[in-house]
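Observations on the three-dimensional arrangement
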Amino acid sequence: DQQVKQNSPSLSVQEGRISILNCDYTNSMFDYFLWYKKYPAEGPTFLISISSIKDKNEDGRFTVFLNKSAKHLSLHIVPSQPGDSAVYFCAAKRINNAGNMLTFGGGTRLMVKP
Amino acid sequence: NAGVTQTPKFQVLKTGQSMTLQCAQDMNHNSMYWYRQDPGMGLRLIYYSASEGTTDKGEVPNGYNVSRLNKREFSLRLESAAPSQTSVYFCASREVDYYGYTFGSGTRLTVV
């Protein structure tokens, strides 16, 4: 039973346009959310995060939106660049989690076409 | 500045063989984690160590054991490898008061 789901396995976008990656979760005890980016043959790297007390966090071309009532978050990349082509994982942390373990979604492969 | 180092990068095992995946971090992080990545499944937690001297099971611990040798090192052992353990394994560490992880570059394991 996946508590964090990324329903789109892949997404193709033209360079310069907006990329929107979506993530849904089922556990209302999640209080912190993160996005990771992964290139082939490398480990995931942290991209951006958001606390459950906020509904938006922005860092340069990357913005994460959180809709708690819908248990949905999204990552917007504007403008998209070919170097953004990678697999993106959303992750969530549960409140009162002694080990601060993260639960990951299945990933979305983003392809940005020149 | 090495971060999290995993060895080996690639390994092929025969069913029933054993091996240990090594992980070391040089960032003085307290917590360390082992995840496996399978297509469509994302990353699933195998074991974690919240601090030196402690280890706990994650979501998919069966068939694995771990050792937190010291603050720097956290190893993952497969006692009797099975084809279902074919996967990419990632080690990660986390500093206190920060929820994000730093990941190693992974070990690609194939069990035939």
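Structural notes, computed from the coordinates. Within any chain, residue numbers begin from 1 and follow the written order of that chain's sequence. To read the labels, note that chains go from A and ligands from 1, taken in the order they are written. Side-chain atom pairs in this predicted model are given and counted only at pLDDT of 80 or more, local residue features only at pLDDT of at least 70, and totals for whole chains, interfaces and linings cover all residues. Each side-chain value is derived from all of the structure's non-hydrogen atoms; neither hydrogens nor water enter the calculation.

1. Quick look at the sheet that holds strand S1 (residues 4-5) of chain A
- Read from one edge of the open sheet, five strands run S1-S3-S8-S7-S6 (chain A), paired in antiparallel fashion. Looking along the sheet, the strands with just one partner apiece sit at the ends: S1 and strand S6 (56-59) of chain A. Two strands pair under a simple rule: DSSP has to find at least two bridges between them. The helix count covers DSSP runs of H or I at least four residues long, the strand count covers runs of E at least two residues long, and both are numbered beginning at the N terminus.

2. Considering the layout of surface pockets
- A volume near 580 Å³ is recorded for the largest pocket.
- Residues are said to line a cavity or pocket when one of their atoms sits within 4 Å of a point; the points come from a 1 Å grid over protein atoms alone, cavities being sets where a 1.4 Å probe fits but cannot get out and pockets being open sets with protein on both sides within 12 Å along at least five of seven lines. For the largest pocket, the lining is made up of 27 residues, of which A:Lys38, A:Ala41, B:Gln37, B:Val88 and B:Arg108 are closest to its centre.
- Looking at the lining of the largest pocket, the elements that each hand over two or more residues are strand S9 (86-94) and strand S11 (108-113) of chain A together with strand S4 (31-38), strand S9 (87-94) and strand S11 (107-111) of chain B.
- Element by element, the count of residues in the lining of the largest pocket is highest for S9(B), at three residues.
- Each residue is assigned to one of three groups, with Ala, Val, Leu, Ile, Met, Phe, Trp, Tyr, Cys and Pro labelled nonpolar, Asp, Glu, Lys and Arg labelled charged, and all others, Gly among them, labelled polar. For the lining of the largest pocket, the per-class residue count stands at ten nonpolar, eleven polar and six charged.
- Lining of the second largest pocket is provided by 20 residues; of these, A:Gln3, A:Leu102, A:Thr103, A:Phe104 and B:Glu59 occupy positions nearest its centre.
- Of all the elements in the fold, those that place two or more residues in the lining of the second largest pocket are S9 and strand S10 (102-104) of chain A together with strand S5 (42-49) of chain B. Grid points are joined across faces, edges and corners, and a volume is the space filled by probe spheres set on the points.

3. Looking at the interface of chain A and chain B
- Note on definitions: a residue-residue contact is assigned when non-hydrogen atoms from the two residues lie within 4.5 Å. Every contact between the two is made by 19 residues of chain A and, on the other side, 19 residues of chain B.
- Note on chain A versus chain B: buried area summed over both sides is about 1,600 Å², and carbon and sulfur give 62% of it.
- Whenever a carboxyl oxygen of Asp or Glu lies within 4 Å of a side-chain nitrogen of Lys or Arg, that contact is scored as a salt bridge. Our enumeration of links across chain A and chain B arrives at zero salt bridges.
- We define a polar contact as two N or O atoms separated by no more than 3.5 Å, with the added condition that, inside protein, one atom must be a possible hydrogen donor and the other a possible acceptor, whereas residues neighbouring each other in sequence contribute only through side-chain atom pairs. At the junction of chain A with chain B, the criterion picks out three residue pairs in polar contact (both at pLDDT 80 or more).
- In terms of residue class, the side of chain A that touches chain B is built from ten nonpolar, six polar and three charged. As a working definition, buried area equals the accessible area (1.4 Å probe) given up by two parts on being put together, with both sides summed.

4. Describing the sheet that holds strand S7 (residues 64-68) of chain B
Residue and element names in this part refer to chain B.
- Strand order in the open sheet formed by four strands is S1-S3-S8-S7, with antiparallel pairing between adjacent strands. Only two strands of the sheet have a single neighbouring strand rather than two, namely strand S1 (4-7) and S7. Adjacent strand axes in the sheet meet at a mean angle of 15°, parallel and antiparallel pairs treated alike. Angles here are taken between N-to-C directions and fall from 0 to 180 degrees, while the axes themselves are lines fitted to C-alpha atoms, restricted in helices to the stretch in contact.

5. Quick word on the side chain of A:Lys93
- Inspection of the secondary structure assignment puts A:Lys93 in strand S9.
- The class of A:Lys93 is buried, set by a relative accessible area of 3%. Using a 1.4 Å probe on the protein chains alone, a residue whose accessible area is under 20% of its type maximum counts as buried, one over 50% counts as exposed, and one in between counts as partly exposed.

6. Some remarks on the pattern of salt bridges
- Taken as a whole and judged by the stated rule, the model has six salt bridges over all chains.
- One salt bridge in this structure joins A:Lys37 and A:Asp84, with 4.0 Å as the shortest N-O distance. Pair noted here: A:Lys37 is in strand S4 (residues 30-38) and A:Asp84 is in the loop between strand S8 (72-77) and S9, with a separation of 47 residues, a long-range link. Each member of the pair A:Lys37 and A:Asp84 is classed as buried.
- Where B:Glu79 meets B:Arg77, a salt bridge forms, and the shortest distance between an N and an O atom there is 3.1 Å.
- Given a relative accessible area of 29%, B:Arg77 falls into the partly exposed group.

7. Some remarks on a nonpolar patch on the surface
All names here are of chain A.
- The patches described consist of residues with a relative accessible area above 30% and no salt bridge, like charges being joined within 9 Å and nonpolar side chains (Val, Leu, Ile, Met, Phe, Trp, Tyr) within 5 Å. We get accessible surface area from the Shrake-Rupley algorithm with a probe of 1.4 Å; when it comes to residues, only the shown protein chains can shield them. Nonpolar side chains collect at one region of the surface, where Ile18, Ile20 and Val78 lie side by side and expose about 220 Å² of accessible area between them.
- Relative to the elements of secondary structure, Ile18 occurs in the loop between strand S2 (10-14) and strand S3 (19-25).
- Look at Ile18 and you get partly exposed, because its relative accessible area is 41%.

8. Description of the pairing of S6(A)
Residues and elements named next belong to chain A.
- Two elements, S6 and strand S7 (residues 62-67), share four bridges in a ladder whose sense is antiparallel. Residue pairing in the sheet places Asp59 in a bridge with Phe62 of S7.
- Hairpin remark: S6 followed by S7, antiparallel, with two residues in the connecting loop; positive phi at Gly60, about 65°.

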